[in-house]
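Coordinates in review
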Amino acid sequence: MKLYTGDLSPYSAKVRMQIYAMGIDDITFELPASFFMGKLSEVSPIGRIPVLEIAGGIIPESEVIAEYLDDLYPDRALLGDSPEVRAQVRLISRIADIYLMNNIFMSLPQMNRKTRIDAVLDVFVKQITRGMGALERHIGDGSFAVGEHLTRADCTLVPALFLCEKSVPRLDVDNPILATTKVANYWKRISQNEFAAKVIDEMDRGLTARLDGTERKQVEAAIAKTKSSD
Ligand SMILES: N[C@@H](CCC(=O)N[C@@H](CS)C(=O)NCC(=O)O)C(=O)O
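Everything in this summary refers to the structure shown in the same document. For every chain, the first residue of the written sequence is number 1, and numbering continues from 1 along that sequence. Totals for whole chains, interfaces and linings use all residues, but because this is a predicted model, local features are given only for residues with pLDDT of at least 70 and pairs of side-chain atoms are given and counted only at 80 or more.

1. Notes on the overall build of the chain
Along the backbone of the chain there are nine helices and four strands. Rg of the C-alpha trace for the chain: 18 Å, near the compact-globule value of 17 Å for 230 residues, within the 12% margin. Contacts in the chain between residues far apart in sequence, at least 24 positions, make up 71% of those at least 6 positions apart. Helix and strand assignments come from DSSP, with helices taken as H or I runs of at least 4 residues and strands as E runs of at least 2, each series counted from the N terminus. In this setup the radius of gyration rests on C-alpha atoms only. A globule is expected at 2.2 Å times the number of residues raised to 0.38. Residues are defined as contacting one another if the C-beta atoms placed from their backbone atoms lie within 7 Å.

2. A short note on the packing of helix α4 (residues 83-107) against helix α6 (residues 152-167)
One can describe the packing of α4 onto α6 by two numbers: an axis separation of 8 Å at closest approach and a directional angle of 25°. With respect to their mutual orientation, α4 and α6 come out roughly parallel. Every pair of crossing elements has a handedness; the one defined by α4 and α6 is left-handed. The residues of α6 that touch α4, namely those facing V89, I92, S93, A96, D97, L100, M101 and I104, are R152, A153, T156, L157, A160, L163, C164 and S167. Classifying every residue of the contact of α4 with α6 gives 11 nonpolar, three polar and two charged. Inter-axis angles, ranging from 0 to 180 degrees, are taken between N-to-C directions of lines fitted to C-alpha atoms, where helices are fitted over the stretch in contact. These descriptions rest on fixed angle ranges, namely under 35 degrees for roughly parallel, over 145 for roughly antiparallel, 65 to 115 for roughly perpendicular, and the rest for oblique. Each crossing gets its hand from how the near helix is turned against the far one by less than a right angle, where anticlockwise is left-handed and clockwise is right-handed. Residues are grouped as follows: Ala, Val, Leu, Ile, Met, Phe, Trp, Tyr, Cys and Pro are nonpolar; Asp, Glu, Lys and Arg are charged; every other residue, Gly included, is polar.

3. Quick notes on the sheet that holds strand β1 (residues 2-4)
When DSSP locates at least two bridges between a pair of strands, those strands are taken to pair. Here four strands make up an open sheet; going across it, the order is β2-β1-β3-β4 and the pairing mixed. Both edges of this open sheet fall to β2 (28-30) and β4 (57-60), since each of them pairs with a single strand only. Taking the axes of each pair of neighbouring strands and ignoring which way they run, one obtains an average angle of 25° across the sheet. Seen against the sheet, helix α3 (residues 62-72) touches β3 (51-54) and β4 and runs at an angle of roughly 115° to β4.

Take a look at the structure:
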């Protein structure tokens, strides 16, 4: 199998963390030049990463890929042992995905102070703050987001909290994690977990490459290579 993934992409990082934690070793990682050329939709109609290529087709959408991997390796699934725990894991993952990552993503064009529309930024910041408030109430205070074992809740939360910490301040808004207690404690704890630390390192590498221009050069080189082989 092949995962179309990018270092900084939080939705991809979520799936990578699950792959590492489940010990799946038959998935290769790749970021095709078509993604940067706006042509990923030729492979996957949604046109976004991550995408999992399997024998006979593709699976897009991080949550769908996550469910697929758990279904494929049920003995290593990261969903928990009872219907109640599984509901809790799905809930935390959903809060991280829909109320945090999605709203943060939608707010990113407002980073540019010259073109920023304050009313638009305001809408997203309110939604992010509201999502963080919900997470603060739902997250567990054990070793992991739900109970005492790493689950898919952690795999979604780690990239979401990374994105929150690194991106929201660049909108001239305080990092919303700082206004929490349970989430802030969780973030400190989970950063020490080996699988979380691995994806945090990868996302940091992606952020550095984005900010220092390395990513742009890599993209230009990949596009040039694709065009010359056409
Ligand atoms: N709901 C999707 C979101 C995926 C997503 O937005 N991926 C971003 C990168 S993190 C992307 O591919 N953006 C490219 C685009 O919007 O064209 C998922 O869970 O996989």
